[in-house]
Amino acid sequence: MNQVLRKSTLWILTVTLLALVGAVGAQDDGMKTVTTAFLGPGDVPSIDPSIGTDTSSIQIVLNTYIGLTTQNEVTAELEPGIAHSWEVDGTTYTFHLTEGIQWVRYDPEAGEVVAITDADGNARTVTAHDVIFGWSRTLDPETGSDYAYVLADWVVGANEYNSGEADSFDVVGIRAIDDHTLEIDAVAANAFVPSIFGMWMAMPQLQEVVEMYGDEWTEAGNYPSFGPFALKEWLHDESITLTANPFWAGNEWIPQPVIDSVTWLMLPSTAQLDAYEAGDLDVVTSVPLDAMDRIQADPVLSEELNIGYDTCSYYYGFNTAKEPLDNVHLRRALSFAIDRQSIVDNVTKGGQIPAQWFARPGLAAAPTLESHPDTGIWFDAEEAQAELALALEADGISDPSEWEQITLMHNTSEGHAKIAQAIQQMWSETLGINVEIANQEWATYLATVREDAPQIYRLGWCADYLDAHNYNSDVWRSTSSFNNTNWASEEYDNLVDTAVTLSDTEERRELYAQAENILVYHDAAISPIYWYTNVQMTKPNISRTFSVLFQDRYEKWDVGQ
Amino acid sequence: MSKFVVRRVAQMILVLFIVSVIIFMGVRAIPGSPFEREKPLQPQVIERLKEKYNLDAPVHIQYLDYMGDILIPRLESGDTAATFAEGDYLINIQLPIGEHGLYFRWMNFGPSYRGLGSRTVNEIFRDFLPTSIQLGLASVSVAVAIGVPLGIIAALRRNTIVDYSAMGVAIFGVSVPAIVLGPILRYVFGVELGWFPVVWSAEGFPYYARFILPATALGFSSSALIARLTRASMLQVLDEDYMDTARAKGLHERRVILVHAMRNSLIPVVTTLGPLLAFLLTGTFVVETIFGIPGLGRYFVTSFTNRDYPVIMGVFMLLALFIVVANMVVDFTYAWLDPRIRYS
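Since we're looking at a predicted model, the values are computed, not measured.

A. The overall build of chain B, seen in detail. Of regular secondary structure, chain B possesses 13 helices and 3 strands. The dimensions of chain B, computed from C-alpha atoms along their principal axes, are 80 × 55 × 45 Å. Of the contacts made within chain B by residues no fewer than 6 positions apart, 66% connect residues no fewer than 24 positions apart. Taking the average place of the 29 positive charges on the side chains of chain B and the average place of its 26 negative ones, the gap between the two points comes to 7 Å.

If you want it as structure tokens, here you go:
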């Protein structure tokens, strides 16, 4: 027994000693590092530019690769990327690439970013052919790229190749005139097409590396890139680290990074906040909503809080082919009866903006609450009751209970459930309509909505590119696969089709406002609920930009004392 | 005894086979597909992907192919292309035959559909199972270290304040799940006191320190179950005739309790410990999520939400294997704990 005691005492001493050594071991090495987080749990799905679909994947791609064009993360203006200039002739775009942009990778053995050379030992720089290879991978149906459709819609022949109608990439309208000049046949020329050509799925890619490593090419050590940062380490499900790329010369728009590295931990929001308070995180990218009251009451934490822009829009869709939602007056009544301000204040609590229409203000050519205060739909109990009376009359009944039972469905989530319950109560109080709420797990729900949408269903939409077209045409045009309402309007289609051909932003804004009015008020195919916000916290020693896009630009960040 | 072992192993294989068929067919029967995205893919693209992952074949053919990839070993020559298949197979042995060597490869659990093939199920096992096993062992240790002494003390001081307090602690453990206890522990001991790391990879702490809070959160609720079982079983044993015999032989009371009573009263505890161990070793979604631990547990949930069929198969077959093995080990432990139990 004594021996056991002695042994355990020894063990405890050793452990204590180790703990002390460990604590002393963590010394500040003078490097400027930022530790931030991705919303976990779970890994970053894929940092392959052709395959990445979610915010975390795209964040990594956009900091390691730069497109032909870029969008300023603060102003959302179109800016040059690796193409220093371009011109358009009819619908043919010619891009001029900057010469001498070095392909690099992080060499774990050397512990630094190294230049990639070709078979003859010459520096391998980014060429027009790399862009073409990148496009051919993205558009190849074998690749299974989620975002190929955005590119394919705007390039001659791209949809034919992506859908498998055409067997050869030759049908796609992209050509290299020389190593640094690229010619692209666009379907149409307009204000935002150049920004689509700069998106993550349209990046140059390094053919020899992709082919050499197969599926493993995106692992640290293999991953080639040329942008301001390079992939240093990827601990799956745990963290991902980018390190500054000294070969990136920088330009007016995408400068050389000031910080040495960025690390993202993959953490759920409550863990992010705890880690932030313990000093392990510099940024909280997702603040837990139940901590909002405490943070706003705290003199220090409230200073570090930032409620910023987010491109997403939260809405309820009505299946207009199902009774009784085929009655436009009923749809309007339901939409008028939703007190969106109350939902934002009492349920979601993140400073969200009550939505009067679908496309988020701030997108190019989208109406704003200042420019179009009377567009769309809002909470109005009297209007709701008036519309209800019209709806009852149109269906020849005297009481809402005579209608078929209405089901409101959302994907399983506590947040969606709370919102649905609040709206259920509003409808019951204002209109006397009792809807039942159902929910399904995400993948099942998506299939349900697509095959045969419930009478009322919840979905959201986030920008692929920052133009109203991505909302009003890509989602709600009668031909769109995202339109699950069975609603189609020729007038609406004409408005969005005309808007895309115009170059004057104000003229376009006017047409989109008219289209929105049809979508949310006149035909009331959907009920917009709110526009999302991005709630973050940042330590005071970090100077940063707050992105209105869905991505941050870490080369513009700095770390002070 | 050897007959018994053979019979148990045969039963084990049968159980695993049945489980594999049910899961394989079951996941394919639930609605939604691995390629169902918020922004839908072109039908042609989905077809190509199904072809790529053999999902267009009849389901029994898919099953046979899947099992074949796991069970049938392959020999590959060691030229450059083949070296990148390392991640595909669990067992890769280089044989000193031929110019580039010959590779013996066995057990391919397939690719993960998420990220379209950049990860394989084997890589997921390799990266995350060790962490989950370490955390699981630590949790079971916590559970036993708290539960068994608590149960014994409660039984020995039956119906006294000691018994009530011990059982009070046990009831607290059962009623406060890890999802509540975890964040509290992290906030108090991590953020406020700074004794333990708040996030998994926090700097300035030795490696083992990261296990302490999660293992406590996880082990505490299981310890309650163990404490109650130990108490009940101990009470039963204390009434047995052989306890009087032991005392009559003049043995010291401590020896009577520790050897004669405890060993016998542990049988029901060991019975529950087997499956508990299997579940804890393969990871726990809640605790891994709370503490941001890169373990296998979250794959039991995320693989379903992603309809990632090979990952679902992989993790659930692993769990099934752990459970049947743990149960078998438990059966053998009975014989050691109670000499009256003999297998033939």
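B. Spatial organisation of the overall build of chain A. What chain A contains, in helices and strands, is 18 helices and 21 strands. A compact globule built from 561 residues should have a C-alpha radius of gyration of about 24 Å, and chain A, at 26 Å, falls within 12% of that. Seen along its three principal axes, the alpha-carbon backbone of chain A occupies a region of about 80 × 80 × 40 Å. Going through the 561 residues of chain A one by one, you find that 58% of them count as buried. Here the contacts in chain A between residues at least 6 apart in sequence split such that 68% fall between residues at least 24 apart. Split by element, the accessible area of chain A, about 22,100 Å² in all, is 49% carbon and sulfur. Counting 25 positive and 86 negative side-chain charges, chain A places the centres of these two groups 7 Å from one another.

C. Region of the structure containing the interface of chain A and chain B. With 57 residues of chain A at the interface, the matching set in chain B holds 47 residues. Inspection of the chain A/chain B interface yields 4 salt bridges. Between Glu142 of chain A and Arg48 of chain B there is a salt bridge; the shortest N-O distance is 3.2 Å. The interface formed by chain A and chain B holds 7 residue pairs in polar contact (both at pLDDT 80 or more) in total.

D. Expanded view of the sheet that holds strand E8 (residues 174–178) of chain A. Residue and element names in this part refer to chain A. Taking strand neighbours across the sheet as the criterion, the 4 strands line up as E4-E5-E9-E8 in an open arrangement whose pairing is antiparallel. Each having just a single partner strand, strand E4 (83–89) and E8 make up the two edges of the open sheet. If you compare each strand with its neighbour and ignore which way they point, the axes differ by 20° on average. Bridge count for E4 against strand E5 (residues 92–97) is 6 bridges, and the pairing is antiparallel.

E. A look at the side chain of Asn264 of chain B. All names here are of chain B. Summarising the element assignment, Asn264 is placed in helix H9 (residues 253–265). Judged by its relative accessible area of 18%, Asn264 falls in the buried class. Here the side chain of Asn264 touches Tyr242 through a polar contact of 3.5 Å, side chain to side chain. Those residues in contact with Asn264 that lie beyond four places of it in its chain are Val237, Tyr242, Leu337 and Asp338.

F. Summary view of the pairing of E8 of chain A. Residues and elements named next belong to chain A. When E8 meets strand E9 (residues 181–185), the two strands line up antiparallel, connected through 4 bridges. Across the sheet, Arg175 pairs through a bridge with Glu183, a residue of E9. Hairpin connection of E8 to E9: 2 residues between the antiparallel strands.

G. View of the packing of helix H17 (residues 490–501) of chain A against helix H18 (residues 505–522) of chain A. All names here are of chain A. In contact at an axis separation of 9 Å, H17 and H18 are set at 160° when each is read in the N-to-C sense. Comparing the axis directions of H17 and H18 gives the class roughly antiparallel. Judged by the sense of rotation from one axis to the other, the crossing of H17 with H18 is left-handed. Note on element contacts: H18 touches H17 through Arg508, Leu511, Tyr512, Gln514, Ala515, Ile518 and Leu519, opposite Glu491, Tyr492, Leu495, Val496, Thr498, Ala499 and Val500.

H. Up close: the pattern of salt bridges. Residues and elements named next belong to chain A. Scanning the entire structure with this criterion turns up 26 salt bridges over all chains. With a closest N to O distance of 2.7 Å, Asp48 and Arg137 form a salt bridge. Note that Asp48 is positioned in the loop between strand E1 (33–39) and helix H2 (55–64) and Arg137 in helix H3 (residues 128–139), a separation of 89 residues in sequence. Here Asp48 falls in the buried class, since its relative accessible area comes to 4%. Owing to a relative accessible area of 14%, Arg137 belongs among the buried residues under this scheme.

I. Highlighting a negative patch on the surface. Where like charges cluster on the molecular surface, the negative patch consists of Glu323, Asp326, Asp395 and Glu404 of chain A. With respect to the secondary-structure elements, Asp395 of chain A resides in helix H13 (residues 381–395).

J. View of the sheet that holds strand E1 (residues 74–77) of chain B. Residue and element names in this part refer to chain B. The 3 strands are arranged E1-E3-E2 in an open sheet whose pairing can be described as antiparallel. Strands with a single pairing partner mark the edges of an open sheet, and in this sheet they are E1 and strand E2 (89–95). Each strand axis lies, on average, 25° off the axis of its neighbour in the sheet, ignoring direction. Looking at chain direction, E1 and strand E3 (residues 102–108) are connected through 4 bridges and run antiparallel. When the sheet's bridge partners are listed, Leu75 is paired in E3 with Phe104.

K. Quick peek at the domain arrangement of chain A. Residues and elements named next belong to chain A. Annotation of chain A at the domain level lists domain 1 (3–269 + 539–559) and domain 2 (309–535). For domain 1 and domain 2, the distance between their C-alpha centres works out to 35 Å. Taken together, the contact between domain 1 and domain 2 spans 16 residues of the former and 12 residues of the latter. A combined buried area of about 1,200 Å² lies between domain 1 and domain 2, and 62% of that area is made up of carbon and sulfur atoms. Per-residue buried area on domain 1 facing domain 2 is highest for Tyr149, Phe192 and Phe550; these three make up 38% of the total on that side. Our count for the domain 1 to domain 2 interface comes out at 0 salt bridges. Where domain 1 touches domain 2, the interface holds 2 residue pairs in polar contact (both at pLDDT 80 or more). For the side of domain 1 that touches domain 2, the class distribution of residues is 13 nonpolar, 3 polar and no charged.

L. Structural view of the packing of aromatic side chains. Tallied over the full model, the rule gives 47 aromatic pairs over all chains. Relative to Trp264 of chain A, the ring of Phe38 of chain A has its centre 5.2 Å away and its plane inclined at 5°; by these criteria the two rings are stacked. Note that Phe38 of chain A is positioned in strand E1 and Trp264 of chain A in strand E12 (residues 261–267), a separation of 226 residues in sequence. Both residues of the pair, Phe38 of chain A and Trp264 of chain A, count as buried. Above the ring of Tyr521 of chain A, the side-chain terminus of Arg332 of chain A is found at 4.9 Å from the ring centroid. Residue placement shows Arg210 of chain B over the ring face of Trp200 of chain B; its charged tip is 5.0 Å from the ring centre.

M. Geometry of the domain arrangement of chain B. Residue and element names in this part refer to chain B. According to the domain assignment, chain B contains domain 1 (54–110) and domain 2 (121–337). Summarising the inter-unit geometry, the C-alpha centres of domain 1 and domain 2 are found 37 Å apart. Every contact between the two is made by 10 residues of domain 1 and, on the other side, 8 residues of domain 2. Both faces considered, domain 1 and domain 2 share a buried interface measuring about 700 Å² in area, 65% of it formed by carbon and sulfur atoms. Applying the counting rule to domain 1 against domain 2 returns 0 salt bridges. Along the contact surface separating domain 1 from domain 2 lie 2 residue pairs in polar contact (both at pLDDT 80 or more).

N. Structural context of the confidence of the model for chain B. Residues and elements named next belong to chain B. Here chain B averages 84 in pLDDT, and 95% of its residues register 70 or above. By mean pLDDT, E1 is the weakest element of chain B at 76, and helix H3 (residues 59–71) is the strongest at 90. Reported confidence for the predicted complex is 0.79 by ipTM and 0.83 by pTM.

Rules behind the numbers
- Along each chain, the written sequence defines residue order, and numbers are assigned to residues from 1.
- As they are written, the chains are lettered A onward and the ligands numbered 1 onward, keeping that order.
- Reporting in this predicted model follows two pLDDT cut-offs: at least 70 for local features of residues, and 80 or more for side-chain atom pairs to be given and counted; totals over whole chains, interfaces and linings ignore these cut-offs and use all residues.
- Hydrogens and water molecules were not included; the side-chain quantities draw on all heavy atoms of the structure.
- Each helix is a run of H or I in the DSSP string that is no shorter than four residues. Each strand is a run of E no shorter than two, and both are numbered from the N terminus.
- In this description, contact between two residues means that some pair of their heavy atoms is separated by no more than 4.5 Å.
- The convention is simple: Lys and Arg are positive, Asp and Glu are negative, and His and the chain ends are not counted.
- In plain terms, the charge of a residue is placed at NZ if it is Lys, CZ if Arg, CG if Asp and CD if Glu.
- A radius of gyration in this sense is built from C-alpha atoms; the matching globule rule multiplies 2.2 Å by the number of residues raised to 0.38.
- Under the scheme applied here, a residue whose accessible area is under 20% of the maximum for its type counts as buried, over 50% as exposed, and between as partly exposed, the area being computed with a 1.4 Å probe on protein chains only.
- To be clear on the numbers: accessible area is Shrake-Rupley with a 1.4 Å probe, and residue cover counts the displayed protein chains and nothing else.
- Salt bridge, as used here, is a side-chain nitrogen of Lys or Arg placed within 4 Å of a carboxyl oxygen of Asp or Glu.
- Throughout this description, a polar contact denotes any pair of N or O atoms lying within 3.5 Å of each other; where both atoms belong to protein, one of them has to be capable of donating a hydrogen while the other can accept it, and for residues adjacent in sequence the pair is counted only when both atoms sit in side chains.
- A pair of strands is labelled paired if DSSP reports no fewer than 2 bridges between them.
- In this description, a line fitted to the C-alpha atoms serves as the axis of each element, helices being fitted only across the stretch in contact, and the angle between N-to-C directions of two axes falls anywhere from 0 to 180 degrees.
- Oblique is the label for any angle not under 35 degrees, not over 145, and not in the 65 to 115 range, which are roughly parallel, roughly antiparallel and roughly perpendicular in turn.
- By convention the crossing between two helices is left-handed if the near helix lies anticlockwise of the far one by an angle smaller than a right angle, and right-handed if it lies clockwise.
- Like charges within 9 Å and nonpolar side chains (Val, Leu, Ile, Met, Phe, Trp, Tyr) within 5 Å are joined into patches, using only residues over 30% in relative accessible area that form no salt bridge.
- Boundaries between domains were set according to an automatic or database domain assignment.
- Two parts placed together each lose some accessible area; with a 1.4 Å probe, that loss summed over both constitutes the buried area.
- Residues were grouped as follows: Ala, Val, Leu, Ile, Met, Phe, Trp, Tyr, Cys and Pro as nonpolar; Asp, Glu, Lys and Arg as charged; and all remaining residues, including Gly, as polar.
- Aromatic pairs are defined between Phe, Tyr and Trp rings, using the six-membered ring for Trp, whenever the two ring centres lie within 6.5 Å; interplanar angles under 30 degrees are classed as stacked, those over 60 as edge-to-face, and all others as tilted.
- As a reminder, the over-ring test applies to NZ of lysine and CZ of arginine, requiring each to be within 6 Å of the ring centre and within 35 degrees of the ring normal.
- Confidence scores labelled pLDDT are given residue by residue by the predictor and lie between 0 and 100.

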